[in-house]
Amino acid sequence: MAQSTFSTHVGMVDILPDEVDKWQKLERIIHEEAKKFNFEEIRTPIMEQTELIARGVGQLTDIVSKEMFAFDRGDDHYVLRPECTAPVARAYVEHHLDQRGGSQNLYYIGPMFRAEKPQKGRQRQFHQFGAEIIGAADPAADVDIIAFMMSIYDRVGISNTTLKLNSVGDPESRKAYTQVLKDHFRPHLSEMSEVSQDRFEKNPLRILDSKEEEDQPFVEDAPVITDFLTDETAEHYSRVKELLTELDIPFEEDPYLVRGLDYYTRTAFELVSPDLGAQDALGGGGRYDLLIEEIGGQPTPAVGFAAGIERLFIACEELDIQLAEEEMLDVYIVTLGDEARKWGINHLPKLREAGLSASMDYIGRSMKSQMKDADRENARHVIIVGSHELEAGKFVLRNMKESEEEAFTFDEILERLTS
RNA sequence: GAGCCUGUAGCUCAGUUGGUUAGAGCGCCAGGUUGUGGCCCUGGAGGCCGUGGGUUCAAAUCCCAUCAGGCUCCCCA
């Protein structure tokens, strides 16, 4: 690889012209699906106050404790947002969006930042799309969020995914469960991994997430949270499952699914794909009924999801899904000589005003090269302009797909191309 | 943050036990066609062999370090 003077920071990648088509296509799909599901887009700043993320995401999470890009400027603490749920919740509280009436159905697309060691499907600047329903406690909202998420993968054509589902309880059920869980692990603690021993104090639920071999025997026969849910939360959970079944959205219950962010309550879900390797989560989310209050708003139930765009593209590649369609150029003007070139420069705007995409050579290439360039740009038509044409006032219009050509006046050409 | 693997042209990759001016395909530029793309033919440009150090008469090749990427772990999207 040639050494260039500057390069991107580790884990931050350029999205080059050749790949940008698929980004635009995916964004279009997301906007269209959002419209169908009646979600409105929200765009929040890329930087937030560090305290918001710390409170919202959770002080003890990896994201906050070791993965934040944060800096101070004067008395202000800036952080590059590592996720977008806390920012959206912040905007909801700050701008009193509850006053718009009803629940707020919001979605976003944008870059997030986490200072992790990069690997496939994991970058320091990565992109997520996601949605939140704020102000609705009904299980129907949980299911609508999941349906919205799934509809995007359906549109893209990624179908071999597994939706994992769990309920992580409310504070009351979690308290009871945590007690039982600790009692379960305590006698074996010395035989368990260091991380798990650490989590035992900080967040025992996360031990269930452990992939350490020595932990497996104890995780396998651990009690499950779903046995300790309060009546209300259990009812909520079974209602979510009923609705998913009614909507023909297949899911797998995973009693050990624990989300890594502290704000989740009740419903938790994750969409995994066998096409992704180690980083196999396409997206995930859940209910977070405590977050809005935690960051200073009124107690407000909410549910949301976030999904990784780069991971979606990796899955597409594995499945041979071509997202981008070929870009076409309506007209390419091939010019021979200075007079022709002037003619071209003068007539390009007329083509564009007529709503056509139009281009020409600016670097004085041979006719053959200009034709090749037109071909490369996927031009539907080429207008050939040389001294003969200028004298006759008729220009060769070549249809590149049919390989047919005929001479017309410029007005006739406009007429033919726009009709 | 830890372990393992890999860095050669814009891209994908050859390069023998260390041995002259480091190769191919694709792409790019040009010519074959005094004014016609795709196919074909010919030619050309393009490499500090990731970077720094070491061993050696001699290093893309061996050794060390470092950086970057990949795979696991961790974590998550």
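Residues numbered from 1 in each chain as written. Chains lettered and ligands numbered in written order. Predicted model: local features only at pLDDT ≥ 70, side-chain atom pairs only at ≥ 80, totals over all residues. Heavy atoms only, no water.

The name an unreviewed UniProt entry assigns to chain A is Histidine--tRNA ligase, from the organism Fodinibius salsisoli. Per UniProt, the comment on chain A under Catalytic activity (unreviewed entry) is "tRNA(His) + L-histidine + ATP = L-histidyl-tRNA(His) + AMP + diphosphate + H(+)". (UniProt positions renumbered as here; feature names shortened; annotations may be inferred.)

Engineer: Teacher, can you tell me more about the overall build of chain A here?
Structural biologist: In terms of regular secondary structure, chain A is built from 15 helices and 16 strands. In terms of overall dimensions, chain A is more spread out than a globule: its C-alpha atoms have a radius of gyration of 28 Å, far above the 22 Å expected for 419 residues. In terms of principal-axis extent, the alpha carbons of chain A reach across some 95 × 50 × 45 Å. When the 419 residues of chain A are sorted by exposure, 50% land in the buried category. Considering only contacts in chain A between residues 6 or more positions apart, those separated by 24 or more positions represent 68%. When the accessible area of chain A is evaluated, it comes to approximately 21800 Å², of which 46% is carbon and sulfur surface. Looking at chain A, you have 46 positive and 80 negative side-chain charges, and the mean spots of the two groups are 4 Å apart. (Helix = DSSP H or I, 4+ residues; strand = E, 2+ residues; numbered from the N terminus. Rg over C-alpha atoms; globule rule 2.2 N^0.38 Å. Buried < 20%, exposed > 50% of the residue type's maximum accessible area, 1.4 Å probe, protein only. Contact = heavy atoms within 4.5 Å. Areas by Shrake-Rupley, 256 points an atom, 1.4 Å probe, with all protein chains shown as cover. Lys, Arg positive; Asp, Glu negative; His and termini not counted. Charge placed at Lys NZ, Arg CZ, Asp CG, Glu CD.)

Engineer: Looking at this structure, how should I read the sheet that holds strand 9 (residues 265-272)?
Structural biologist: Adjacent strands of a sheet pair through backbone hydrogen bonds, lying either parallel or antiparallel. Taken together, the eight strands give an open sheet; going across it, the order is 1-5-6-11-10-9-7-8, and neighbouring strands pair in mixed fashion. The open sheet terminates on both sides in strands that have one partner only, identified here as strand 1 (40-41) and strand 8 (252-253). In terms of strand pairing, strand 1 meets strand 5 (residues 104-113) through two bridges, oriented parallel. Across the sheet, Glu 40 pairs through a bridge with Leu 106, a residue of strand 5. Running over the sheet, helix 4 (residues 85-94) touches strand 5 and strand 6 (125-134) and is turned about 45° from strand 6. (Pairing = 2+ DSSP bridges. Axes fitted to C-alpha atoms, helices over the stretch in contact; angles between N-to-C directions.)

Engineer: I would appreciate a short explanation of the pattern of salt bridges in the present structure.
Structural biologist: Pairing between side chains becomes possible if they bear opposite charge and their charged atoms approach one another. All told, the structure shown has 26 salt bridges when counted by the stated rule. Of the charged contacts in the structure, one is a salt bridge between Arg 55 and Glu 294, with a shortest N-O distance of 3.2 Å. Note that Arg 55 is positioned in helix 2 (residues 50-57) and Glu 294 in helix 10 (residues 291-294), a separation of 239 residues in sequence. Through salt bridges with shared partners, one network takes in Arg 341, Asp 361, Arg 365, Asp 373 and Arg 376. (Salt bridge = Lys/Arg side-chain N within 4 Å of Asp/Glu carboxyl O.)

Engineer: What exactly am I supposed to notice about the sheet that holds strand 15 (residues 395-399) here?
Structural biologist: The mixed open sheet is built from five strands, whose spatial order is 13-12-14-15-16. Of all the strands in the sheet, the pair left with one neighbour each is strand 13 (358-360) and strand 16 (404-408). Ignoring strand direction, the axes of neighbouring strands in this sheet form an average angle of 25°. Pairing between strand 12 (residues 329-335) and strand 13: three bridges, direction parallel. In the sheet register, Val 331 faces strand 13, and the bridge partner there is Ala 358. Helix 13 (residues 367-376) rests against strand 12, strand 14 (379-385) and strand 15 of the sheet, and its axis sits at about 175° to strand 12. Its contacts with the sheet put helix 15 (residues 410-418) on strand 12, strand 14, strand 15 and strand 16, and the angle it makes with strand 15 is roughly 20°.

Engineer: Explain the pairing of strand 16 here, please?
Structural biologist: Side-chain positions along a regular strand alternate between the two faces of the sheet. As judged from the five bridges shared by strand 15 and strand 16, these two strands associate in the antiparallel manner. The residue of strand 16 that forms the bridge with Asn 399 is Glu 404. In sequence, strand 15 turns back onto strand 16 through a hairpin of four residues, with Ser 403 there showing a positive phi of about 55°.

Engineer: Quick question: what am I supposed to make of the protein's contact with RNA strand B here?
Structural biologist: In the vicinity of RNA strand B there are 52 residues, among which Arg 199, Arg 206, Arg 376, His 388 and Ser 403 approach most closely. Per the 4 Å cut-off to the protein, sugar and phosphate atoms form 55% of the nearby atoms of RNA strand B. Lys 120 is positioned such that a nitrogen or oxygen atom in its backbone is 2.9 Å from a phosphate oxygen of RNA strand B. Counting residues per element, the surface near RNA strand B draws most heavily on helix 13, which supplies seven residues. Each residue belonging to the surface near RNA strand B can be placed in one class, and the counts come to 15 nonpolar, 14 polar and 23 charged. (Near = heavy atom within 4 Å. Polar contact = N/O pair within 3.5 Å; in protein donor to acceptor, adjacent residues only side chain to side chain. Nonpolar A, V, L, I, M, F, W, Y, C, P; charged D, E, K, R; others polar.)

Engineer: What am I meant to see in a negative patch on the surface here?
Structural biologist: On the surface, Glu 406, Asp 411, Glu 412 and Glu 415 cluster together into a negatively charged patch. Top contributing element to the negative patch by residue count: helix 15, with three residues. Checked against the element boundaries, Glu 412 lands in helix 15. You can call Glu 412 partly exposed: its relative accessible area is 34%. (Patch = residues over 30% accessible without salt bridge, like charges linked within 9 Å, V, L, I, M, F, W, Y side chains within 5 Å.)

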